[in-house]
Structure formats: C-alpha cells, structure tokens
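# Descriptive structure summary
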Amino acid sequence: MMIPPRPQDSLETLLRGVAQRRRLAMLALWFERAWPAAMPLLGVAGLFLCAALVDLPRSLPGWAHALLLAGFAVAGAAALLHAVRRMAMPDPQAADRRMEKASGLAHRPLAVLTDRPAQPGTDSLWQAHVTRAMRQVGRLRIGTPRPGMALHDPRALRLGLVVLLAASFGIAGEQAPGRVLRALQPVFGAQPVPPATQLQAWITPPAYTGLAPVFLKAEGGAVSVPQESRLVVNVTGGTGEPALVLGGKSLPFARLDPTSFQADEALGESGRLAVSRGGAPLAAWDVTVVPNVAPVVSFPEPPTGLRSRVPQTRIPWQAAHAYGVVSLQAELTLRDRKEAAPLLVPIQIPGGNTKSAKGVRLQDLTAHPWAGLMVEAKLVGKDATGLAGSSESIAFELPERRFQHPVARAILEVRKGLSLRPEERGPAILALEQQARLDEVWKNDTGGLLNLESILTQLRRDRAPNTIEEVQARIWQLALHLEEGAPERTARALEQARQAVREMLEAERRGEEVDKAELDRRMRELQEALQRHMEALAEQNRRDPANQNFDPERQNRLDAQDMKRTTEEMRDAAREERMNEARDKMAELDRMMEDMQNARKERGQQTERQKARAEKRQRGERQMSAVQDMIKREGALLDNAQQRGGLPETQRPFMQPRQRAQAPQDQQRSQEQRAQDQRIQQALRRALGELMQQQGDLTGKIPPQLAEADAAMRDGVAALRDGRDPAAAQAAQRAIEALQKGGREMSQEMAAQFGRGGEEDAEEEGDESGEGSMMAEGDQDGMGNGPGSQQMGPADQRGERRGERGYGRGRDVTRRADERRDPLGRHLREGTSGSDESGDVQVPEQMEEARTRAIQEELRRRGADRGRPQPELDYIDRLLRQF
C-alpha cells in the first residue's frame, strides 16, 4: 500500500507550477499593453516607407526634404516615448488575477496557497481550505492575449496602412532599397537642368488609303496628305507649354507629364502648321489636304446581249481610284419607264480593293421581266468612304431566251407589256384568256391550265402593290413549264436549294451566327428537291426510247439512294453541331451530282455516237448490197457472153442446151444483146466509180480490188464493142472475182471502224434503199430489163435468201474467189470437162432455212445487248462468225 504524499510536498510542487504560469501571464499582459502603445510608432514608420517607396522625397527641394525627415523624426520620437511609458512590466498580483479570471476561479485561490492562518489552533480547518484551493488551482489557464485594437483603432486605419504599403512595394519593385536610402538623404544645392526640347510630328493617312504615316522633318517643308488624315505632335523637355497653330486656328496640347505634351487632331483643311513655345518658333510646315474624289468608272465598249444557247448580258467595265474601288455595280433602268426601280447587277472586283481594274461581267438576266426590252445601263463605283462615281448611260436591248412553244412566247409578250404598262391590266387579261381557250394545248396539261387560270384571277382581283411582280414571276414559270420538261425545272430548283444550304454552311465556317432551325429547314427543302428531281429523271428515262437497250432507271435508283443517305447524314451532323462533317457531306453531295450529270451527258453523247455509227453501218450495208447487185449483174453479163459462145471448148459441155441452140440460130438477136450488154457494162462501171467515191468518204480507204474490177469492166466494154464475146466473158469473170475480193475487204474495214450491228438480208437492204443498185435512172432500162436479160435461177434465189449478208458478223460477202461454180452451185474442175459430183451441193428445206434464220436473229439480238458479260458476248460473236 502506497503512502500518500504529504500535503506540504504537494503544495511546493504546485507553487512551482504556478510560478511558471505566472511568468507567462505577465508576458501576455505586457503584449496586451505594448501592441497598442507601439501602433503610433508603427504608423509613422509605415507612412515614411510609403513616401519613400513612391520616391516622394526626391521630387521635393532639399529643404522640403529635410523638413519632411524632421517631421517624421519628431513624430517617431513622440510615438516612441508614448510606447515606452505604456510598456511597463506588470506585477505578479496582476498576473495572478489574469490567471484566476481566465480560469474562472473565485475567492483568489492562488493567494490561499501562500497565506498563513491568523489564529493558532485552526490548522485542520486551514489545511482543508488549502486542499480545496489546490484542487481549484489544478485547472489553471493563462488565456489568449487580447490587445483590444478595435477599441484603440475603431476606424481600422491600420488595415489601410497595410494596403498602402503593399501598393508602394509593388510600385517600387526592385528599386525599393535604393528609394528608401534616397529618402533618408536630402540633396541640397542647385536643381538639375531640364532636358532639351525635342519635337516629333507625323501625319497618319486614313486606313482606306493604305498609305504609311508621313513623318514631318524638324527643319520644316511642304507635305500633301489625304483628307481625314490625323496630325500627332509630341513635345518633350524644356519648360513652358507649347502652342500649335494650323491655318490661323490654335490647336490644344495635352499635358502628359511636367515636361511632355501631345496634340492629336484631324486635318480638315490646308494651311501653315506652326509649333512654338514661349513665343519662340520650334518648327513649321506647309500642309496641303487633298480632298477625296469619286472613282472613275466607264464602259470600255457598249454592253450587249450574247445570243448563245443561254443568252447572257455582257457588261464590259473599267474602274480606277487613287486609293482603290471597293464596290462596283451596273444599274439598269427601263428606257420607256424610267420611274421603275433600277435593276442592280453587282460586279466583283479582282482583289476586292483595286486602284485600277477592268473586265467583263456576264449575267443571265433572261428570267427578269425586262428581258427583251430596251434598258439604259450605267456603272456606279464607290470607294471606302462611300463616295460614288458613275459612268454615262448606254441603251441596249436586254437579251431574252428564245422559246419555241407558241403559247410560251405569247404569255412572255404579256409579261413584257406588264413591265412597260403595269397599270394597264386589261390587255394582259384578254391576251391570257385567249391563250387559255386553246384546248389542244391544255388537254394533256391540266396543271398548266390551272396555273394560267390562277394568274388570270390574281390579275383581276388582287390590287396589292407587288401583284404585278408576282404575276410576272408566275408567267415565267409557266413559260418554262411549257417549254421545258420536268427534269429541267426540278434541276433548277435543286440547284437553288443546294446553293441555299451551301451559303449557310459557308457563313458558319466564317464564324457568323447561323440559325440552326433555318439551316435544318433548308436541308429538308434540299432533300425534297432532290427527291422530285430524281423522280423527274426516272419518268424521263421511262419515256425515252433511246434507253431500250439499257436500264438507266436502275442506275437512277442507286444514285437516289446514295444521295438520300448523304443528305440525311449531313442533316444529322448539322443537328448535332458537327458542322465540319456537314460541310464534308455537302461537298460529297456536290460531287455525286456532278458525277451524275457527267454520266448523263456521256450517255447522251454515247447515244449520239451510236446513232452515227449505226447510220454509217447502214450506209456500209447499202454499199455492200450494191456490190452484191453488181456481182449479180456481172454474172448475167457472163451468162450472156457464154450463150453467145464466149466459153472455150473445154467449158462448153457445161452450157445449158438452150444456150447452145440459141447462139447460132439468131445472129441479129446476139448483136442487139451485145449492144444491150455494153450499155449495162458502162452503167455498172459508172456505178462502181460512185461506190468507190462513197467508200472513200465513209472509211477513208478504197480497196484496190475495186480498181481492178473497174479495169476489168473497161476491158469488157471494149470487148463488147468489138464483138469479142470470149474476151467479154473473161473480163466479166475478172470483174466478178475483183468485186468479191473488194467486197470482203470493204466488209472487214467497216467492221473494224463501225463495229458489228444487226444486219438485214442483202436483198431486203437493196429493196429498202434507193442506193441498192447505185444506178442512174437513165440506165435502169438497160440493166436486166432488156430482151436479152436473164432472170436469176432457183439456186441463185436460194443463195440470196440464205444470206449474202452484210459485213456485220465477219461473214464473206460472196463465195470464195477460188471456188468456181456452175450455175447450179457445183465446183468446176480445172482441165476437166465434167462437173464435180462430190455431192457438196445441199439445197436446204424451207423449214430448215426458217429455223437457221431464227437462230441468227436471236444471236444478233443477244449480241447487241452490250450489258451482257463479256465472255458471253465473245461466245456469241464466235457463233455468228459461222454464218
């Protein structure tokens, strides 16, 4: 069991702790007394530092600087004395009272610890009193020092001094130590000499001139400057305020500091510019202010209208100005109605602001109501200040579009009449009513008729000021409806919608504010215009007979799907404010539209080329038919020569019995037949000459075999004239062989140049064309119609029906030249008297012939479809070569 400490030991320990706390309490009391006492001294020191940091003492004379230092010294000494008096150390009793008060102790328990009882015999009671005091002293506290500045400085001037010190240190910066030292060292003696006077003057021309500032020399001189230039004069150094005079008018100077002055004035008039100080001149100049003049604009040549496919107004122009022309436009006024508002045609100036430029403005004004009327044109140019200059007026006729539709032309005349006399509606109403009664025009165009009736109703009843403009616009649209098809109208509407969207996207790219709702509306209109245009193109393709061999409607559907998807993506991007993506989609749509237009143009050009090639093929087929006709007629001449004994003895067994009996019986008839054959041979030669010329025009190449045939025909004519039938027969045989070879070369050449098309039978081609025989009318009676002419045998007719075809599939025009056959189609053997009995002659049945022709026609039809796969086309070509 622990023995509790004696009370005496606990009291001593407690007293030692109280003594330590008493010293701390004394320090706290001293701080509470010292801080308010030191505030005046700190305030004086703070004010001195502020004055020193802003370098105030250095701006004062030496004596004033010294007085200022003395004042701060006296104030500081007084404040120090006041602080010393109030900074006495507090006694221990005051410290005990502070601790007891801070600890909330009553009845001064600290005094009980050191006191003794006054009467003896009361030790027990006193000891209990001391024990209770010790327990109270156990929770003894000192408390936070509280100087009570709010009582001593109720206006918080101390905070203002702190802010002032911070600002002064900010002003002084790195120069703070030096300024404080200079503030403690007053300078006595003469003041420093002010710097010498410096003069700087310049004139700044207006911004629109693009000219550099003009600096004025101190020695003076003369200068010319544009109107609205600004004069700036700076005077530094010296003493006294300077004076500025321009043309007798004083201009004020503004003081920048004690030795700096500045004048800034606009120059409105010319005059003498002088600067002086204290009556002494500093500088002078002669200033000439050049007034601004209007731009000079003119027509280098009269404006005219270009009569092209799309008539345009051609406006030549030239403009000049010393500082640049910022805007130029042509003003067109109606010559016969000058009170009408002018038509303004803006002209883009290269570079935007050019001192001198010229060019030509082309503008399509065919849609304007004044198209076709006399107008007066003048140019109006403006500079940057808005000063305008104009040219002389020149009258010319505004070009108009030439319409082919009679009703369109009639209603456009009404539109012109309303432009000249808008107040006279009666004649216009009568003219439109007359056009509305043309039933044959409107029987298949109900929409156009309703539009015309609506225009009439508006003219009769609507008296609003803008009625005539609306009616004229509707008349123009009706005329386009009558003249053009739906694709042209929808294409124009689509281009307008694309331009509207493109303008808003470009405005957004330039940073301008764009209404998102308006942009979405324009994109929706673009989608609708695109849909209408694609529907119009599809309808046009369905009606165009040139599209029967391909399917443009399918391609249009694919294009429409791609464009619709692109416009939807562009619209979604704009809604989500992804404007860069929206502009990219717009550019993609423009490329797709351009590709589609180029494809349509190329298809149209391809169709024209196909038509031209088809026409050339037809001409070539007619020429081939003419060659076949010549071969047939040369064969008839050969038969006639053989009948008259033109064959050698080795070939006489092949003559028909009727031919051998007829030749020696009637010599007179032979002579007449020979004369007839001579005329026929001459006509064939002339026809061959025409054929050679046409072949040269068509292909640029004449087969040399045709020249050989011509030479053989010439020999035949001579032989017939001399009565030499064997020579005539040989000449006819050479002519036939040369024509066959020439026909094959013609076929190959035309196939190489014009391709392969569907052919007609040579016989049908000859019947359909007037060029089939290549004969003049005067020779027809001598070619096969005379008494000695021979008709084609059955074998020859079958051969014609089986198809001495055109050149289109590469088939030989006639039999091979080395295959000599008798009239029955059998081979002739050289050096023999008999015929070839090899049995190669086959006479087809009629059903087989029809079936063969059907197969050929089907193959030709499929071969003409160039949309089929290339391997299939090659296979069809190989099949057709067999025919």
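This section reports on the structure supplied with the text.

With that settled, the discussion passes to the overall build of the chain. The helix and strand inventory of the chain stands at 25 helices and 19 strands. Here the chain holds 883 residues, and the buried ones make up 38% of them. The long-range fraction of contacts in the chain, counting pairs at least 24 apart against all pairs at least 6 apart in sequence, stands at 71%.

Take the side chain of His 65 next. When you line up the elements, His 65 lands in helix α2 (residues 62–85). For His 65, a relative accessible area of 2% gives the class buried. Side-chain polar atoms of His 65 contact the backbone oxygen of Ala 183, separated by 2.6 Å. Contact partners of His 65, with chain neighbours within four places excluded, come to Pro 57, Leu 60, Arg 182, Ala 183, Leu 184, Gln 185, Pro 186 and Val 187.

When a protein is soluble and globular, its nonpolar side chains tend to lie buried together. Grouped together as the largest cluster of nonpolar side chains are 27 residues, with contacts concentrated most on Met 630, Leu 688, Leu 739 and Met 746. With 9 residues, helix α21 (residues 725–754) is the largest single contributor of residues to this core. For Leu 688, the contacting residues outside a window of four places in its chain are Met 630, Leu 706, Ala 709, Asp 710, Met 713 and Leu 739. Ranked by size, the runner-up nonpolar core spans 26 residues in total, among them Ala 497, Met 504, Leu 537 and Ala 573.

Evaluation of the coordinates by the stated rule reveals 4 aromatic pairs. Arranged with centres 5.3 Å apart and planes meeting at 70°, the rings of Phe 48 and Phe 72 form a pair that is edge-to-face. Taken together, the residues Phe 48 in helix α1 (residues 7–53) and Phe 72 in helix α2 connect sequence positions 24 residues apart. Pairing Phe 403 with Trp 476 gives two aromatic rings, centres 5.6 Å apart and planes at 85°, and the pair type is edge-to-face.

Reading the values: the criteria
Residues numbered from 1 in each chain as written. Predicted model: local features only at pLDDT ≥ 70, side-chain atom pairs only at ≥ 80, totals over all residues. Heavy atoms only, no water. Helix = DSSP H or I, 4+ residues; strand = E, 2+ residues; numbered from the N terminus. Buried < 20%, exposed > 50% of the residue type's maximum accessible area, 1.4 Å probe, protein only. Contact = heavy atoms within 4.5 Å. Polar contact = N/O pair within 3.5 Å; in protein donor to acceptor, adjacent residues only side chain to side chain. Core = buried A, V, L, I, M, F, W, Y, C linked by side-chain atoms within 4.5 Å. Phe/Tyr/Trp six-rings, centres within 6.5 Å; stacked < 30°, edge-to-face > 60°.

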